[in-house]
Amino acid sequence: MGNRRGLPVGVTRVGDRFQARPTDGSRRPRRFDTLAEATAYLRSESLRDEDVSEALRECLTGDRPRMVRATALARDEQIVRRLPAAFLGLSLVDVLPSDVLTVVADWPGGTGTRRRVRTTVQAFFTRCVRTGRLNASPARDVPVVATDAGRQPRPFSWAEVDALSAAVRPHRPDVSDAALIAAHTGVRAGELRALRVGDFRQVPYPRLIVSRSYPENARSETATKSGRSREVPLDGVVLPVVVRLARGRDLDAHLLTAPGGGLFSVRNARRDVHWDDIAPGHDWHDLRHTAAVEWAQMTDVLGPADIQTLLGHASLDTTERYLAGLSGTIRQTRIAAAFSQIVPAGTPETRHTGMLGGTAGGVS
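Remember, it's a predicted structure, so these values are computed and weren't measured experimentally. (Residues numbered from 1 in each chain as written. Predicted model: local features only at pLDDT ≥ 70, side-chain atom pairs only at ≥ 80, totals over all residues. Heavy atoms only, no water.)

(A) Inspection of the overall build of the protein at higher detail. Across its full length, the protein holds 16 helices and six strands. The buried share of the protein, taken over its 364 residues, is 41%. Counting every atom, the protein has about 19400 Å² of accessible surface; 53% of that belongs to carbon and sulfur. (Helix = DSSP H or I, 4+ residues; strand = E, 2+ residues; numbered from the N terminus. Buried < 20%, exposed > 50% of the residue type's maximum accessible area, 1.4 Å probe, protein only. Areas by Shrake-Rupley, 256 points an atom, 1.4 Å probe, with all protein chains shown as cover.)

So, in structure tokens, the structure goes:
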């Protein structure tokens, strides 16, 4: 039933835009340029309490058995049993392509196995679109990388970090702040979410005390992954950000909050800023990798044990494996920096002089 202006329930006209207010009153209204966008938002909000696990169970016991052979259904059921708990717990309407990409890329086994996993997940989300639960499938264009190595870390460059921060700041300044803190301190998403104002200390030097985590699929705060507290110094770029966030606030208040005042959510942040469009190929954890690359290149100051402390790894072996996974990226970063010194194209006979000390030959 519509309202007196012929609009769907929950939608009102505000100037030349449409305001959509969820009918249960549990969420803030949002404004959209078109009626279709406002209507789609209300429909997605009405389904927000349905998680992936619930929808999967309904799929496997609904029409899926009639659509595939028994062997295919058995494989589907086996894959569903092995899906990560964090993915199963996501609200169905909040799943992003990067969430599906992580599931597929991290799946153990060969390329063929991951293709089978992708097929099962794609079929599930296609059904969700067909039944009206979703407007579009987040699994539609997810690739399977033809390698058995799984997803490799892909740290941001500092230029990419700055561009990301600048792009989202006008609409979600909290996401801009969070991305800068993550890239410059290497804190995990759950640790970032759990930071309090009182965890910021300036004496004897500016730093964050990382002593707890609050994963988005947890009901309460937990210990850090290593079980230990650590201190992470703040550099000159991120220090003003933290000072601004902490100024005049209660010590027990969360350092980062969502626009409505609740806990900061990486998942919601990625959805709201269209993460896959502004940071293609990256996930949020790559911001932590960015800090690790920076520290790994400070070999005259930091050793592996120091980096272990900063990253919060329980063992040095973990840190060494972590850095080994980043070594290719570090090397490529150095190569790119060297090539940036090459004179502009157009004088090929002298292109290499700037990098090779005045000679274009003699390289073996």
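(B) Here's a closer look at the packing of aromatic side chains. Overall, the coordinates contain five aromatic pairs when judged by the stated rule. Ring centres 6.5 Å apart and planes at 75° place the aromatic pair Phe87 and Phe125 in the edge-to-face group. Of this pair, Phe87 sits in helix α5 (residues 85-88) while Phe125 sits in helix α7 (residues 111-130), placing them 38 residues apart in sequence. The exposure class of Phe125 is buried, given its relative accessible area of 0%. When the ring of Phe156 is compared with that of Trp275, the centres are 6.3 Å apart and the planes differ by 75°; the resulting orientation is edge-to-face. Of this pair, Phe156 sits in the loop between α7 and α8 (158-168) while Trp275 sits in helix α13 (residues 275-278); the two residues are 119 residues apart in sequence, bridging distant segments of the chain. (Phe/Tyr/Trp six-rings, centres within 6.5 Å; stacked < 30°, edge-to-face > 60°.)

(C) Structural detail: the nonpolar core. Core analysis: the largest hydrophobic core is formed by 47 residues, its most contacted members being Ile181, Leu192, Leu255, Phe264, Trp284 and Leu287. Listing elements by their share of this core, those giving two or more residues are α8, α9 (173-185), β5 (207-210), α11 (239-246), α12 (266-272), α14 (285-296), α15 (304-311) and α16 (316-339). Here this core gets seven residues from one element, more than from any other, and that element is α9. Setting aside its immediate chain neighbours within four residues, Trp284 contacts Val175, Ala178, Ala179, Ala182, Ala189, Leu192, Phe264, Val266, Arg270 and Trp275. (Core = buried A, V, L, I, M, F, W, Y, C linked by side-chain atoms within 4.5 Å. Contact = heavy atoms within 4.5 Å.)

(D) Highlighting the confidence of the model for the protein. For the protein, the average pLDDT comes to 82, and 82% of its residues sit at 70 or higher. Low pLDDT, under 50, characterises residues 345-364; the stretch is placed with twelve contacts to residues that sit more than four places away or in other chains. (pLDDT = per-residue confidence, 0-100.)

(E) Expanded view of the sheet that holds strand β2 (residues 17-20). Across the sheet, three strands lie side by side as β1-β2-β3; this open sheet has antiparallel pairing. Since the sheet does not close on itself, it has two edges, and those belong to β1 (11-14) and β3 (30-32), each with one partner. With direction set aside, neighbouring strand axes in the sheet form an average angle of 35°. (Pairing = 2+ DSSP bridges. Axes fitted to C-alpha atoms, helices over the stretch in contact; angles between N-to-C directions.)

(F) Looking closely at the pattern of salt bridges. Applying the stated criterion to the full structure yields 19 salt bridges. One salt bridge in this structure joins Glu191 and Arg188, with 2.7 Å as the shortest N-O distance. Exposure class is identical for Glu191 and Arg188. Each is buried. One salt bridge in this structure joins Asp199 and Arg212, with 2.8 Å as the shortest N-O distance. Taken together, the positions of Asp199 in the loop between α10 (189-194) and β4 (200-201) and Arg212 in the loop between β5 and β6 (230-233) put the pair 13 residues apart, joining distant regions of the chain. Among the charged side chains, a salt-bridge network with shared partners connects Asp94, Arg172, Asp174, Arg271 and Asp272. (Salt bridge = Lys/Arg side-chain N within 4 Å of Asp/Glu carboxyl O.)

(G) Broad picture of the side chain of Asp76. Relative to the elements of secondary structure, Asp76 occurs in helix α4 (residues 70-82). Residue classification places Asp76 among the buried residues on the basis of a relative accessible area of 1%. Here the side chain of Asp76 touches Arg116 through a polar contact of 3.2 Å, side chain to side chain. Those residues within four positions of Asp76 in sequence are excluded, and the remaining contacts are Leu60, Arg64, Arg116 and Thr120. (Polar contact = N/O pair within 3.5 Å; in protein donor to acceptor, adjacent residues only side chain to side chain.)

(H) Representation of the environment of Asp162. Locating Asp162 in the fold gives a position in helix α8. Separated by 17 residues in sequence, Asp162 and Ala179 place their C-alpha atoms 9.3 Å apart.

(I) How the structure looks around the packing of α9 against α14. Interhelical geometry of α9 versus α14 gives an angle of 35° and a closest axis separation of 6 Å. Taken together, the residues of α14 that come into contact with α9 (itself represented by Ala179, Ala182, Ala183, His184 and Thr185) are Leu287, Arg288, Thr290, Ala291 and Trp295.

(J) A look at the sheet that holds β5. Read from one edge of the open sheet, three strands run β4-β5-β6, paired in antiparallel fashion. Only two strands of the sheet have a single partner each, and these edge strands are β4 and β6.

(K) Representation of unusual backbone geometry within the structure. Val203 connects to Pro204 through a cis peptide bond whose omega is 5°. Mapped onto the fold, Pro204 is located in the loop between β4 and β5.

(L) Geometry of the pairing of β2. Across four bridges, the pairing between β1 and β2 is antiparallel. Each residue of the ladder has a partner; that of Arg13, found in β2, is Phe18. Between β1 and β2, which pair antiparallel and follow one another directly, the connecting turn spans two residues, one of which, Gly15, has a positive phi of 65°.

(M) Highlighting the environment of Gly227. Along the chain, Gly227 turns up in the loop between β5 and β6. Since its relative accessible area comes to 53%, Gly227 is described here as exposed.

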